[in-house]
Amino acid sequence: MKGIVLAGGTGSRLHPLTLSVSKQLMPIYDKPMVYYPLSTLMYAGIQEILIISTPKDLPLFQELLGDGKKCGCSFSYAVQDAPKGLAEAFVIGEEFIGNDKVALILGDNVFYGAGLAKLLQSNNNPDGGIIYAYRVNDPQRYGVVEFDESGKVISIEEKPKVPKSNYVVPGIYFYDNEVVSIAKTIQPSSRGELEITDVNKEYLKKGKLNVSILDRGTAWLDTGTFQALMQASQFVEVIEERQGLVIGSLELAAFEMGYISKTEFIELAQPLTKSGYGNKLLGILNKEV
């Protein structure tokens, strides 16, 4: 399976912070925001990843991340000229995807929780589509999932004024290869975008959409506002400083997934010790699992 990180958009909800730099390059505590979705894909067992961003910002992502080889991965890059919807990622990435299955994650989404990596790994070979449902207080901002009494999904609605449930679809999706042809045939919404909800509806219509409710112990943070950006940084700081863990680290994900050796991990961490980030990585080697 291949992975796509969609890191485009104008970041207008974070102006003036994002007038000159991509939202996904903003810091979440001690790491760039894009590290978090990238590491999530890596923990899902995905090593071939396409990063999609704007023409202006893409060179900055390339400078930051390189070709991915140092993390045992392969990073590719593609341009999204304008924010024309999440589903456009599959059209832009058609050549990259080829005949493979693909996972899409949004560049401003942070996921964290015990057992999350195993859950994602168990879903990285879908026959159809696999999405998740997460309970929130403000479902009208998202794609809302409606369940019947038996727990079966009966509808998905994008940003409804009157939500039919408090369960929404967070920004990570797993699909078989049919997603490319589906994305190419859906029509733009009233917003002029190719909506990921329409892709999910098509899979639902075919009876090939699986929706899993994320465990209450799983944190999902959408970092698109000033408040959410600050809350995400505080959340990561509390977990890391309190428990001595490291969240959203590409280097640690590569090491723990066996993409790189212990020696290679140390070589990546040592140049980063001056900021303290490298010391935290090296400290992981001395802690009991």
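As shown above, the structure is provided for reference.
Residues numbered from 1 in each chain as written. Predicted model: local features only at pLDDT ≥ 70, side-chain atom pairs only at ≥ 80, totals over all residues. Heavy atoms only, no water.

## Some words on the overall build of the chain
At step 1: Per the secondary structure count, the chain includes eleven helices and 14 strands.
At step 2: Relative to the globule expectation of 19 Å for 289 residues, the C-alpha radius of gyration of the chain, 18 Å, shows essentially globular dimensions.
At step 3: Principal axes of the C-alpha set define a box for the chain whose edges measure 50 × 40 × 40 Å.
At step 4: Counting over 289 residues, the chain shows a buried share of 51%. (Helix = DSSP H or I, 4+ residues; strand = E, 2+ residues; numbered from the N terminus. Rg over C-alpha atoms; globule rule 2.2 N^0.38 Å. Buried < 20%, exposed > 50% of the residue type's maximum accessible area, 1.4 Å probe, protein only.)

## A closer look at unusual backbone geometry
At step 1: Residues His 15 and Pro 16 are joined by a peptide bond in cis, for which omega reads 10°.
At step 2: Examined against the element boundaries, Pro 16 turns out to sit in the loop between β1 (2–6) and β2 (27–28).
At step 3: One non-glycine residue with positive phi stands out, namely Tyr 29, at about 55°.
At step 4: Relative to the helices and strands, Tyr 29 resides in the loop between β2 and β3 (31–32).
At step 5: Backbone geometry places Lys 159, a non-glycine residue, at a positive phi of 45°.
At step 6: By the element assignment, Lys 159 lies in the loop between β10 (153–158) and β11 (167–168).
At step 7: The class for Lys 159 is partly exposed, based on a relative accessible area of 38%.

## Remarks on helix α7 (residues 196–205)
At step 1: For α7, the complete set of buried residues consists of Ile 196, Thr 197, Val 199, Asn 200 and Tyr 203. Down the axis, α7 shows its buried residues gathered within 155° of arc, on one side only.
At step 2: Downstream of α7 by a residue or two, Gly 207 has a phi angle that is positive, lying close to 75°. (Arc of directions from axis to C-beta.)

## A few points about the layout of surface pockets
At step 1: Size it by volume and the largest pocket reaches roughly 910 Å³.
At step 2: Along the wall of the largest pocket there are 37 residues; nearest its centre are Arg 13, Leu 86, Leu 106, Asp 108 and Lys 159.
At step 3: Those elements that place two or more of their residues in the lining of the largest pocket are α7 and β14 (219–222).
At step 4: The element that contributes the greatest number of residues to the lining of the largest pocket is α7, accounting for three residues. (1 Å grid on protein atoms, 1.4 Å probe; cavity = no way out; pocket = protein on both sides within 12 Å on 5 of 7 lines; lining within 4 Å. Points joined across faces, edges and corners; volume = space filled by probe spheres on them.)

## A few points about the environment of Ser 53
At step 1: Structurally, Ser 53 is set in strand β4 (residues 48–53).
At step 2: On the basis of relative accessibility, which here comes to 0%, the residue Ser 53 falls in the buried class.
At step 3: Here the alpha-carbon distance between Ser 53 and Tyr 77, two residues 24 residues apart in the chain, equals 7.9 Å.
At step 4: Not counting residues within four places of it along the chain, the set of residues in contact with Ser 53 comprises Ala 7, Gly 8, Leu 58, Phe 61, Ala 78, Val 79 and Gln 80. (Contact = heavy atoms within 4.5 Å.)

## Considerations on the side chain of Ser 249
At step 1: Mapped onto the secondary structure, Ser 249 falls in the loop between α8 (226–243) and α9 (250–256).
At step 2: Judged by relative accessible area, which is 1%, Ser 249 ranks as buried.
At step 3: Of the polar contacts made by the side chain of Ser 249, one reaches the backbone nitrogen of Leu 252; its length is 3.0 Å.
At step 4: Not counting residues up to four positions away in its chain, the partners in contact with Ser 249 are Lys 31, Ser 39, Tyr 277 and Leu 281. (Polar contact = N/O pair within 3.5 Å; in protein donor to acceptor, adjacent residues only side chain to side chain.)

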